[in-house]
Amino acid sequence: MIRFLLYSAMLAVAVLVSGCAGSTPNDVEQQAAVAAATAPAKLQPGDKIRIVVFGEDNLNGEYQVDQSGQISLPLAGTIKVQGLTQAELEQELAKKFKSQYLKSPKVTVTITTLRPYYMMGEVKNPGQFAYQSGLNVLTAMAIAGGPTYRASRNTVEIQRLGETSMHEYPISAAVPILPGDVVKVPERYF
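Please read all numbers here as calculations on a predicted model, not as lab measurements.

Asks: Which parts of the structure should I look at to understand the side chain of S152?
Replies: Note on placement: S152 falls in the loop between α4 (137-143) and β8 (155-159). Looking at S152, its side chain comes within polar contact range of the main-chain nitrogen of T155, at 3.2 Å. Non-local contacts of S152, meaning those with residues more than four positions away in its chain, are made with I171, V185, P186, E187 and R188.

Asks: Please explain the sheet that holds strand β1 (residues 48-53) as it appears in this structure.
Replies: Hydrogen bonding along the main chain pairs the strands of a sheet, whether they run parallel or antiparallel. With antiparallel pairing, 3 strands are arranged side by side in an open sheet as β2-β1-β5. On the outer flanks of this sheet lie β2 (61-64) and β5 (107-113), each paired with one strand and no other. In this sheet, adjacent strand axes meet at a mean angle of 30° when their direction is disregarded. Two strands pair when backbone bridges link them, and β1 and β2 are joined in this way by 4 bridges, in the antiparallel orientation. In the strand pairing of β2, I49 is matched with Y63. Strands β1 and β5 of the sheet are contacted by helix α3 (residues 86-100), whose axis makes an angle of about 135° with β5.

Asks: Honestly, the pattern of salt bridges in this entry has me stumped. Any pointers?
Replies: Between side chains of opposite charge, a pair can form as their charged atoms come close. Taken as a whole and assessed by the stated rule, the structure comprises 4 salt bridges. For the salt bridge of R150 with E122, the shortest nitrogen-to-oxygen distance reads 3.3 Å. Pair noted here: R150 is in the loop between α4 and β8 and E122 is in the loop between β6 (117-121) and β7 (127-129), with a separation of 28 residues, a long-range link. Owing to a relative accessible area of 11%, E122 belongs among the buried residues under this scheme. The salt bridge involving D181 is made with R160; its shortest N-O contact spans 2.3 Å. A residue pair is termed long-range when its members are at least 10 positions apart, and D181 in the loop between β9 (167-170) and β10 (182-185) and R160 in the loop between β8 and β9 qualify at 21 residues. Accessibility expressed as a relative area gives 1% for D181, which makes it buried. Residue classification places R160 among the buried positions, given a relative accessible area of 8%.

Asks: How do you make sense of the pairing of β1 when you look at a structure like this?
Replies: Along any regular strand the residues' side chains alternate between the sheet's two faces. Burial along β1 is one-sided: I49, I51 and V53 are buried, while K48, R50 and V52, pointing the other way, are not. Two elements, β1 and β5, share 6 bridges in a ladder whose sense is antiparallel. Looking at β5, one finds that K48 is bridged to T113.

Asks: Got a minute to help me understand the sheet that holds β8 in this structure?
Replies: Taken together, the 5 strands give an open sheet; going across it, the order is β7-β6-β10-β8-β9, and neighbouring strands pair in mixed fashion. Only two strands of the sheet have a single partner each, and these edge strands are β7 and β9. Sheet twist, expressed as the mean angle between neighbouring strand axes with direction ignored, is 30°.

Asks: Just to check I follow, could you spell out the pairing of β8 for this structure?
Replies: Two strands pair when backbone bridges link them, and β8 and β9 are joined in this way by 4 bridges, in the antiparallel orientation. Within β9, the residue paired with T155 across the bridge is P170. Relative to β10, β8 runs antiparallel, the two sharing 3 bridges. Within β10, the residue paired with E157 across the bridge is K184.

About the thresholds
Residues numbered from 1 in each chain as written. Predicted model: local features only at pLDDT ≥ 70, side-chain atom pairs only at ≥ 80, totals over all residues. Heavy atoms only, no water. Helix = DSSP H or I, 4+ residues; strand = E, 2+ residues; numbered from the N terminus. Polar contact = N/O pair within 3.5 Å; in protein donor to acceptor, adjacent residues only side chain to side chain. Contact = heavy atoms within 4.5 Å. Pairing = 2+ DSSP bridges. Axes fitted to C-alpha atoms, helices over the stretch in contact; angles between N-to-C directions. Salt bridge = Lys/Arg side-chain N within 4 Å of Asp/Glu carboxyl O. Buried < 20%, exposed > 50% of the residue type's maximum accessible area, 1.4 Å probe, protein only.

Remember, this is a structural readout, not a statement about activity or role.
The following block contains the structure:
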C-alpha cells in the first residue's frame, strides 16, 4: 500500500511538472494580458478623468491626460499621472492639496474615458473604437462589424501599449483587449 501511495505521489508530481513545462510563449503572453486586464487601470496619455475635491467646487473638473502623461490643475499645478491608478492619484492629490491649501482634503478620482482601441485588417468596419470594460477579441471583432469572408478564423495580431511589434493570439473570448491596443485581423491563406 505504501508503494502504491509513493508511486501515485511521484506520478502526480510528474504530471504537474510536465504541465508547467508545456506552457508556450503565446500562453504566457495571454496570461499576462489577462492579468493586465484584471489589474486596476493605470492612467495613460489620452485618458479622461474627473476629479472631485469634497467641499471645494473650484477644484472639481474633468481633465485629459496629455501626451507627456500630465494634467494641470488649479492650485496644484502640473502633475505627472501616467502609470498611477485612481487610488494612487487620489492619495497624491490629497497630499498636494493638504501641504499647500486645505486642512483635510477628500479627493475622488474617476476615470471617465479610457484610450480607444483600434481594429484593422479583415473586419467589415475597421477604425477607432471607444474602450469598454470587459472587452475581449470576440466582442471587439463584433463591434467592428465582424470578420470579412477572407479573415483568419484562428488568430489575430495585437500590439499592446508600449510594445514595438504585434504578437499573435487565438480568436477567443479568453483574450482581453486593453485600452490603446491595436488589433489586426489577418487574411487567411486558404
